[in-house]
Each structure stands twice: as C-alpha cells, then as structure tokens.
Amino acid sequence: GAVVSQHPSWVICKSGTSVKIECRSLDFQATTMFWYRQFPKQSLMLMATSNEGSKATYEQGVEKDKFLINHASLTLSTLTVTSAHPEDSSFYICSAEEVAGGNYEQFFGPGTRLTVL
Amino acid sequence: GEDVEQSLFLSVREGDSSVINCTYTDSSSTYLYWYKQEPGAGLQLLTYIFSNMDMKQDQRLTVLLNKKDKHLSLRIADTQTGDSAIYFCAEIDRGFGNEKLTFGTGTRLTIIP
C-alpha cells in the first residue's frame, strides 16, 4: 500500500518553543491530509483537514493560531505547534488521502511523539 | 455529532478467537473500518466494510455488520501474540463528501500465553 512518513518520530522541547512536524506521502499525491492527536489511552481526535493550496479546516476547539498547518505541495503537509506547553504533549498522527478510481483511502503516518518540558 | 464506542480491554488466550465490538450512532455511515495500532506506532488499516454488506472475510479476519443495531464486530481467528495491539473502529459518511473519520475509543487486545 501507499506509504506516509512523519518527521521527526519523537521530539522533546522546552515550554515556549515551536515545533514543526512534517507529513509526507512518499509514493502518491495527496490533495487532502489530516492531522490527528492522540492522548494516552484515548482515541484519535481529528484536529484539522489540510488541503493543498488552501487554508486548513480546523475542528471545533482546536486553536488555529497554535497549531499552524501548511500544505504547500501534494506530498507534504506540516503541523507547527507554536509556543508549546506541557499540555500539548501528545502523539500526533497524520494521514494522507489517496484517491484512485473513485476510491478514497487514508494512509496513516507512524506518528510523532511530542514531549514538552 | 457522530459517536463510536468500543470496550476498552479484551484478553484472549493464544489460539482462541478474539471478538472486538463497536457501536456507532451515525446511520448514514457509508464505510466502516478497523485499524490496528501497535505500541508507539501509527495506524494500520486491517479491513473495511461497505454499509450495504453484512459480512466480510479476509483470511483470519471476519467483519460483521448489523446495520439495524449499528453494531460492528471484528473477529480474529486463531489469535497470536502478534495480534496484541489496540484496535480502533472508525466510520465515515462519504455521502455528504465528508472525508472525516470518526474513531472509536480503541480496544486493547492482550494475548494470554
């Protein structure tokens, strides 16, 4: 199947700094990518839908200015956690949507574990 | 909004069958999915079922869908230690062009030797 990568796989940062997470579709083009957040022992929560060449659509309760999303190309979306705080510590997972023959399928990245000290 | 629920834990002896259950509320769901998440990793799509089907079998995996009761189950035959993971069901309603997956809480499957 299609492959989605994330970088970095883990990051530790100090409170107040910004962290950028990259999501790449390696062997297909993805007009739409999604960013999810997973708290320990909890399900995935969709944060935002990232559309190439346009502004991301954020879910209710997600701060746009804190979680900046840029989908500048058909293979790359980035999530920047600005002025990170310990409560932002989480596992962030992206997915990229492949459309082929009228079928849609989301492929997930391996996730990025963010720890804010 | 949509709601998807699962039991949090399931323990099964190696070699037995595992049955993971899921209930959902969105009657307009068009696709229902099962994902597997191993520790510290992303999600792996195991299988999916279209809403007009009531059963799908794929090797050791059997998906049953009761659309009337909005109940989905995943049966893993001959459970192995490598099946230890968290299993998420998810639903999507493509009818309105909504590409958002709604996930259940996840069921942690533990294999007893």
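Residues numbered from 1 in each chain as written. Chains lettered and ligands numbered in written order. Predicted model: local features only at pLDDT ≥ 70, side-chain atom pairs only at ≥ 80, totals over all residues. Heavy atoms only, no water.

Undergrad: Whenever I open this one, a nonpolar patch on the surface confuses me. Can you help?
TA: Residues Trp10(A), Ile12(A) and Leu117(A) make up a contiguous nonpolar surface patch of about 390 Å² in total accessible area. Its place among the elements puts Ile12(A) in strand β2 (residues 10-13). (Patch = residues over 30% accessible without salt bridge, like charges linked within 9 Å, V, L, I, M, F, W, Y side chains within 5 Å. Areas by Shrake-Rupley, 256 points an atom, 1.4 Å probe, with all protein chains shown as cover. Salt bridge = Lys/Arg side-chain N within 4 Å of Asp/Glu carboxyl O. Helix = DSSP H or I, 4+ residues; strand = E, 2+ residues; numbered from the N terminus.)

Undergrad: Can you walk me through the pairing of strand β7 (residues 67-73) of chain A in this structure?
TA: Residue and element names in this part refer to chain A. Relative to strand β8 (residues 76-81), β7 runs antiparallel, the two being bridged by five bridges. Looking at β8, one finds that serine 73 is bridged to leucine 76. Linking two consecutive strands that pair antiparallel, namely β7 and β8, is a turn of two residues. (Pairing = 2+ DSSP bridges.)

Undergrad: Would you take a moment to explain the pattern of salt bridges for this structure?
TA: Where charged atoms from two side chains of opposite charge come close, those side chains can pair. Residues and elements named next belong to chain B. Applying the stated criterion across every chain, the model contains five salt bridges over all chains. We note a salt bridge from lysine 36 to glutamate 38, for which the minimum N-O separation is 3.4 Å. Residue lysine 68 pairs with aspartate 69 through a salt bridge whose shortest N-O separation is 3.7 Å.

Undergrad: I'm lost on the sheet that holds strand β1 (residues 4-7) of chain A in this one. Help?
TA: The strands making up a sheet associate through backbone hydrogen bonding, with each pair oriented either parallel or antiparallel. Residue and element names in this part refer to chain A. One open sheet holds the four strands; their spatial order is β1-β3-β8-β7, and the pairing between them is antiparallel. Across the chains shown, the open sheet's two edge strands, defined by having one partner strand only, are β1 and β7. Between one strand and the next, the sheet's axes are offset by a mean angle of 15°, whatever the strand orientation. Bridge count between strand β3 (residues 19-25) and β8: six bridges; the pairing is antiparallel. By the bridge assignment, valine 19 is partnered in β8 with valine 81. (Axes fitted to C-alpha atoms, helices over the stretch in contact; angles between N-to-C directions.)

Undergrad: Explain the pairing of strand β10 (residues 103-108) of chain A to me, please; I cannot follow it from the model alone.
TA: The side chains of a regular strand alternate, first on one face of the sheet and then on the other. Residue and element names in this part refer to chain A. Inspection of the sheet shows strand β9 (residues 90-100) paired to β10 by six bridges, in the antiparallel sense. Considered in β10, the bridge of alanine 100 is made with asparagine 103. Here β9 folds back onto β10 in antiparallel fashion, the turn holding two residues, of which glycine 101 has a positive phi close to 60°.

Undergrad: Would you mind showing me how to read the interface of chain A and chain B here?
TA: One frequently used descriptor of interface size is the decrease in accessible area upon assembly of the parts. Counting from both sides, the interface comprises 18 residues of chain A and, opposite them, 16 residues of chain B. A combined buried area of about 1400 Å² lies between chain A and chain B, and 56% of that area is made up of carbon and sulfur atoms. For the interface between chain A and chain B, the tally reads zero salt bridges. Our count for the chain A to chain B interface comes out at one residue pair in polar contact (both at pLDDT 80 or more). Of all the secondary structure elements, the ones that give two or more residues to the side of chain A that touches chain B are β4 (32-38), β5 (44-51), β9 and β10 of chain A. Here the side of chain A that touches chain B gets four residues from one element, more than from any other, and that element is β10(A). Residue composition of the side of chain A that touches chain B, grouped by class: nine nonpolar, six polar and three charged. (Contact = heavy atoms within 4.5 Å. Buried area = accessible area lost by both parts, 1.4 Å probe. Polar contact = N/O pair within 3.5 Å; in protein donor to acceptor, adjacent residues only side chain to side chain. Nonpolar A, V, L, I, M, F, W, Y, C, P; charged D, E, K, R; others polar.)

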